[in-house]
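Each chain, letter by letter, is given below.
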Amino acid sequence: MGALLDVSGLKVNFGHVEAVKGIDFALNEGEITTLVGANGAGKSTTLLALSGLVRKAGGKAVFAGHDITRLPSHRIVQLGLSQVAEGRAILTRLTVRENLELGAYLRKDSTAVAADFAHVLDLFPRLSERLDGLAGNLSGGEQQMLAIGRALMARPRVLLLDEPSMGLAPLIVQEIFRILRTLNEEGLTIFLVEQNVRQALRIAHRAYVIETGEIVLQGTGEELLDHPRVLEAYLGI
Amino acid sequence: MDAFLVWFDDFWAVYSNLILTLGINALLALSIWLTLACGVLALANAAFMGIGAYAGALATMNYDSPFALSLAAAMAAPSLVALAIGLPVLRLGGVYLAMATLGFGEVVRIVILNTDSITGGALGLNGIPQYTQWWHVLLALAIVVFVLARLQRSRTGRAFEAIKVDETAASLMGVDIRAHKLLAFVLGAAIAGLAGALNAHLTFFIGPQEYGFDRGVEILTMAILGGIGSLIGPIIGAFFLTLLPEVLRGLADFRLIVNGFILVAVVLFLPNGLWDPARFRHWFGRRRS
């Protein structure tokens, strides 16, 4: 079975610094794949490069048969690769409703958009209470939910998430991971970049560990949870 | 009634120029509002106004073109220039874009200065037929406001808003950032060109000095002072900034000083501009309850 997203030899440079040094990974349809690693290992850079927000210095990315290596970011979104950026990138001066509606910016099937809107509110009931409030007044957890909801409004085939646990209380983190699992059970392919290694490995089918721009380990989520190197370096056991 | 008509004739004879300038300045403020609405600080509008003024005036004087056609030329010429320079220049952000567009403005001024045979160089163009009537300005302003209001509520307008708040978020939603910025830049150039030609056919004379740095800053000030949250803001800002020196004329030598103080006070106490509905609600809502 071919992978839904296949990345090979991906390289990203920032000036003279090689942030990502030619990594390979693949996302299988219907699975949760995670890329974990420490601060500055190149996780976010990898995601930004996938979405076309950062220039790739080398390598190739093929998504559902399309070569997306050199595509501009709006075309990549159009193909079905939606990213929830780090720091949530909420439009704080717009209302929650407007944020969600902008998520469906590229879609013209208004009845399906309305259905997805209802579905997002089902997933995140807290958002429905604050639909007409400014997004900037939401709490951190609610903003993360809004960011995920907004990405879902594009009806993506793959959801890319950049550290959804960042700066959130443990309870909220658990809630968000539970929702990611639900979304996956509904058939959504998810690529999760995380520093919260334990949580990410628990829900992931496939996992990659990145260190200073290189993939150093890969396997199923369970395998890596028990891997001595992961235990020592990331879980502090 | 007769007395009123006589009074009005007098009034119009004295103030018609000022009143038409109000409308033209409002157009200019709206032209820069368009780029500001998607978070782009481009200061080329004075240059676009100049290109429009010269294109329109030359069409009228050298080719006897009807006024409508001159105005069309005045909108087309700066749009084409904006399209050509927009692609490379709009890659820049923030102050760098402001610098680049200011530089472009200087280039336009120098080019006009040095093409004497066409533009009259430093002497400018003299004897432009005075075609601009009050209703031309009013109609132009009405059409521009209508188009911009429609645009603001359209998909494109929401994309502008998203780009202004967060470019990364906007592109992750599938907004084509470059195309939208270019659209705002080119449309703004067309409006500025229209204002330039209306002004040229009002003032009889145009020269390269009118479209330099000072004018660019004035256009920006009008928009920011009025408030860029809505379309009403730039119009109010243009009216305010145009009328203030006239109202203060009685102060003679102190005029510019007081003028400056009032501007500083407005910026200090109304940071979002003169037209700030949220603040009005805050002020008057309190009193009512």
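Located above this text is the structure these notes cover.
Quantities reported herein were computed from a predicted structural model and do not represent experimental measurements.

Caption draft 1: Here's a closer look at the overall build of chain A. The helix and strand inventory of chain A stands at ten helices and ten strands. Taken against the 2.2 N^0.38 rule, which gives 18 Å for 237 residues, the C-alpha radius of gyration of chain A at 17 Å falls within 12% of a compact globule. Pairs at least 24 apart in sequence give 65% of the contacts found in chain A among residues at least 6 apart. With the model as given, the accessible surface of chain A reaches about 10200 Å², and the carbon-plus-sulfur share is 48%. Distance from the positive charge centre (24 side chains) to the negative charge centre (27 side chains) of chain A: 5 Å.

Caption draft 2: Structural context of the overall build of chain B. Each helix and strand counted, chain B has 13 helices and zero strands in total. Starting at the N terminus and walking to the C terminus, you meet the elements of chain B as α-α-α-α-α-α-α-α-α-α-α-α-α. Computed over the C-alpha atoms, the radius of gyration of chain B is 20 Å, within 12% of the 19 Å expected from 2.2 N^0.38 for a compact globule of 289 residues. When each of the 289 residues of chain B is scored for burial, the buried share is 49%. Long-range pairs, those at least 24 residues apart, make up 77% of the contacts in chain B with a sequence separation of at least 6.

Caption draft 3: Geometry of the packing of aromatic side chains. Enumeration over the complete set of coordinates arrives at 14 aromatic pairs over all chains. Ring geometry for Phe67(B) and Tyr131(B): centres 5.6 Å apart, planes at 65°, overall edge-to-face. With Phe67(B) in helix α3 (residues 67–89) and Tyr131(B) in the loop between α5 (116–119) and α6 (134–153), this pair connects stretches of sequence that are 64 residues apart. Their ring planes at 75° and their centres at 5.5 Å tell us that Trp275(B) and Phe280(B) sit as a pair that is edge-to-face. Given the relative accessible area of 28%, Trp275(B) is considered partly exposed. Classification of Phe280(B) by relative accessible area gives partly exposed; the value is 23%. In textbook terms, an aromatic cluster arises when at least three aromatic residues are bridged by ring pairs, as seen for Phe4(B), Trp7(B), Phe8(B), Phe11(B), Trp12(B) and Tyr15(B). Its guanidinium or amino end placed over the ring of Tyr105(A), Arg155(B) lies 4.3 Å from that ring's centre, counting from NZ or CZ.

Caption draft 4: Looking closely at the interface of chain A and chain B. Counting residues at the interface gives 21 residues for chain A, matched by 17 residues for chain B. At the boundary of chain A with chain B, total buried surface from both sides reaches about 1800 Å², with 63% on carbon and sulfur atoms. Where chain A packs against chain B, one counts one salt bridge. Of the charged contacts, one joins Glu101(A) and Arg158(B) as a salt bridge, the two residues approaching to 2.7 Å between their closest N and O atoms. At the level of elements, α2 (73–79) and α3 (96–103) of chain A are the ones that each hand at least two residues to the side of chain A that touches chain B.

Caption draft 5: Main features of the side chain of Ser31(B). All names here are of chain B. Structurally, Ser31 is set in helix α1 (residues 2–37). With relative accessibility at 0%, the residue Ser31 sits in the buried group. A polar contact of 2.7 Å, which involves the side chain of Ser31, links it to the side chain of Asn45. Residues within four places of Ser31 in sequence aside, it is in contact with Asn45, Gly188, Ile191 and Ala192.

Caption draft 6: Region of the structure containing the sheet that holds strand β5 (residues 66–67) of chain A. All names here are of chain A. Strand order in the open sheet made by the four strands is β2-β1-β4-β5, with antiparallel pairing throughout. Among the strands making up the open sheet, the edge pair consists of β2 (17–27) and β5. Pairing of strand β1 (residues 5–14) with strand β4 (residues 58–63), which is carried by five bridges, proceeds in the antiparallel orientation. The residue bridging Leu5 from the neighbouring strand is Phe63, located in β4.

Caption draft 7: Seen up close, the pairing of β4(A). All names here are of chain A. Looking at chain direction, β4 and β5 are connected through two bridges and run antiparallel. Bridging from a neighbouring strand, Phe63 pairs with His66 of β5. Between the end of β4 and the start of β5, which pair antiparallel, lie two residues, with Ala64 showing a positive phi angle near 50°.

Caption draft 8: Broad picture of the packing of α1(B) against helix α7 (residues 155–165) of chain B. Residue and element names in this part refer to chain B. The geometry of α1 relative to α7 is characterised by a closest axis approach of 8 Å and an angle of 65° between their N-to-C directions. For the pair formed by α1 and α7, the contact residues are Leu34, Leu36 and Ala37 on the first element and Phe160, Glu161 and Lys164 on the second. Split into classes, the residues belonging to the contact of α1 with α7 amount to four nonpolar, no polar and two charged.

Caption draft 9: Molecular detail of the pattern of salt bridges. All names here are of chain A. Scanning the entire structure with this criterion turns up 15 salt bridges over all chains. Two residues, Arg126 and Glu175, come together in a salt bridge whose shortest N-O distance is 3.8 Å. With Arg126 in helix α5 (residues 125–129) and Glu175 in helix α7 (residues 170–185), this pair connects stretches of sequence that are 49 residues apart. A relative accessible area of 21% means that Glu175 is categorised as partly exposed.

Caption draft 10: Here's a closer look at the side chain of His136(B). Residue and element names in this part refer to chain B. Structurally, His136 can be placed in helix α6. Taking relative accessible area as the criterion, His136 reaches 16% and is therefore assigned buried. Filtering out sequence-adjacent residues up to four positions away, His136 remains in contact with Phe67, Tyr131 and Leu198.

Caption draft 11: Just the sheet that holds strand β9 (residues 206–211) of chain A, in detail. Residue and element names in this part refer to chain A. One open sheet holds the six strands; their spatial order is β6-β7-β8-β3-β9-β10, and the pairing between them is mixed. Each end of this open sheet is capped by a strand with a single partner; those strands are β6 (81–84) and β10 (214–220). If you compare each strand with its neighbour and ignore which way they point, the axes differ by 15° on average. Across the sheet, helix α1 (residues 43–50) lies against β3 (32–36), β6, β7 (158–162), β8 (189–194) and β9, angled at about 145° from β8, the strand it touches most.

Rules used in this analysis
- Residues numbered from 1 in each chain as written.
- Chains lettered and ligands numbered in written order.
- Predicted model: local features only at pLDDT ≥ 70, side-chain atom pairs only at ≥ 80, totals over all residues.
- Heavy atoms only, no water.
- Helix = DSSP H or I, 4+ residues; strand = E, 2+ residues; numbered from the N terminus.
- Rg over C-alpha atoms; globule rule 2.2 N^0.38 Å.
- Contact = heavy atoms within 4.5 Å.
- Areas by Shrake-Rupley, 256 points an atom, 1.4 Å probe, with all protein chains shown as cover.
- Lys, Arg positive; Asp, Glu negative; His and termini not counted.
- Charge placed at Lys NZ, Arg CZ, Asp CG, Glu CD.
- Buried < 20%, exposed > 50% of the residue type's maximum accessible area, 1.4 Å probe, protein only.
- Phe/Tyr/Trp six-rings, centres within 6.5 Å; stacked < 30°, edge-to-face > 60°.
- Lys NZ or Arg CZ within 6 Å of the ring centre and 35° of its normal.
- Buried area = accessible area lost by both parts, 1.4 Å probe.
- Salt bridge = Lys/Arg side-chain N within 4 Å of Asp/Glu carboxyl O.
- Polar contact = N/O pair within 3.5 Å; in protein donor to acceptor, adjacent residues only side chain to side chain.
- Pairing = 2+ DSSP bridges.
- Axes fitted to C-alpha atoms, helices over the stretch in contact; angles between N-to-C directions.
- Nonpolar A, V, L, I, M, F, W, Y, C, P; charged D, E, K, R; others polar.

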